[in-house]
Amino acid sequence: YKGGTIALMTPEQIKSIIYQAREAWISGDAEGFSKLFHPDGVFIVPGHKWQGQEAIRQSLTEFAKTYTDIRIEIHRILIDDNRAVVEWFWQDKEKATGKRSQADDAIVIHFKNGLIQLWREYIDLESSKN
């Protein structure tokens, strides 16, 4: 905190965290992903919500047991103060069936003290099929 307000992060710091998150998903690094979050941070995808580093770590651990061959292409990062919106294209493969899935994804991220306070995804599973 500086002067009673939350210190603003630079666009470079914000982009660095987003790219670290991308790499953690691709490599299945649940620990690395969860450490990007504030201790009481929140991770939300449609239908699911996890709060706290341990719950977030466990969510990626479970995902990595089921899916492999993650590919993420970042298309756009928009930054406003300590908030960002990321548009990325996601692909994965279900280990048991070999079925590939893909989606266009918009993610709203709020930062607090250099860590992710909120990561909320808005996933479009249909448009990328066309």
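This text follows the structure it describes.
Within each chain, residue numbers correspond to sequence positions counted from 1 in written order. Per-residue local features of the predicted model are confined to residues with pLDDT of at least 70, and side-chain atom pairs are confined, for both listing and counting, to 80 or more; whole-chain, interface and lining totals are unaffected and use all residues. Hydrogens and water molecules were not included; the side-chain quantities draw on all heavy atoms of the structure.

Examining the nonpolar core
Grouping buried Ala, Val, Leu, Ile, Met, Phe, Trp, Tyr and Cys residues that are joined through side-chain atoms within 4.5 Å yields what is termed a nonpolar core. Burial classification: accessible surface area is computed with a 1.4 Å probe over protein chains only, and a residue below 20% of its type maximum counts as buried, one above 50% as exposed, and the rest as partly exposed. Core analysis: the largest hydrophobic core is formed by 28 residues, its most contacted members being Ile18, Trp25, Phe33, Trp88, Phe111 and Trp119. Helix numbers and strand numbers start at the N terminus; a helix is a DSSP run of H or I with at least 4 residues, a strand a run of E with at least 2. When residues of this core are traced back to their parent elements, those giving at least two are α1 (11-27), α2 (30-34), β1 (37-45), α3 (53-66), β3 (67-80), β4 (83-94), β5 (100-112) and β6 (115-124). Among the elements that make up this core, the one with the highest residue count is α1 (six residues). When checking whether two residues touch, look at their non-hydrogen atoms; a contact exists if any pair is within 4.5 Å. Ignoring sequence-local partners within four residues, the contact set of phenylalanine 111 consists of Met9, Ile14, Ile17, Ile18, Asn82, Ala84, Ile116 and Gln117.

What to know about the layout of surface pockets
Where empty space is left in the structure can be found by rolling a water-sized probe over the atoms. Here the largest pocket is characterised by a volume of approximately 520 Å³. The definitions used throughout rest on a 1 Å grid laid over the protein atoms alone, on which a cavity is an enclosed set of points accommodating a 1.4 Å probe that cannot get out and a pocket is an open set flanked by protein within 12 Å on both sides along at least five of seven lines; lining residues are those having an atom within 4 Å of a point. Val45, Phe63, Trp90, Asp92 and Ile123 are, among the 19 residues lining the largest pocket, the residues nearest its centre. Counting residues per element, the ones that place at least two in the lining of the largest pocket are β1, β2 (48-51), α3, β4, β5 and β6. Grid points are joined across faces, edges and corners, and a volume is the space filled by probe spheres set on the points.

Observations regarding the packing of aromatic side chains
A pair of aromatic rings is counted whenever rings of Phe, Tyr or Trp (Trp by its six-membered ring) have centres within 6.5 Å, and the orientation is called stacked for planes under 30 degrees apart, edge-to-face for over 60 and tilted otherwise. Evaluation of the coordinates by the stated rule reveals 14 aromatic pairs. Judged by centre distance (5.1 Å) and plane angle (70°), the rings of phenylalanine 33 and phenylalanine 37 are edge-to-face. Where phenylalanine 37 meets phenylalanine 43, the ring centres are 6.3 Å apart and the plane angle is 65°; that geometry is what we call edge-to-face. Across the pair, phenylalanine 43 and phenylalanine 37 agree in class, each one buried. What links up through ring pairs into an aromatic cluster is the set Trp25, Phe33, Phe37, Phe43, Trp50, Phe63, Tyr67, Trp88, Trp90 and Trp119.

Looking at the pattern of salt bridges
Whenever Lys or Arg places a side-chain nitrogen within 4 Å of a carboxyl oxygen from Asp or Glu, that contact is recorded as a salt bridge. This structure, assessed with the given rule, holds nine salt bridges. One salt bridge connects arginine 57 with glutamate 54, and the closest N-O pair in it is separated by 2.6 Å. Within this pair, arginine 57 and its partner glutamate 54 are both found in helix α3, separated by three residues, close to a single helical turn. Of the residues examined, arginine 57 reaches a relative accessible area of 22% and is grouped as partly exposed. Across the salt bridge formed by arginine 83 and aspartate 80, the nearest N and O atoms sit 2.8 Å from each other. Each member of the salt-bridge network shares a partner with another, and the members are Glu31, Lys35, Glu54 and Arg57.

A few points about unusual backbone geometry
For aspartate 69, which is not glycine, the phi dihedral falls at a positive 55°. Within the secondary structure layout, aspartate 69 lies in strand β3. Its relative accessible area of 26% is what places aspartate 69 among the partly exposed residues. Notably, asparagine 113 is not glycine yet its phi reads approximately 50°, a positive angle. Its location among the elements puts asparagine 113 in the loop between β5 and β6.

Coordinates in, geometry out; function isn't part of it.
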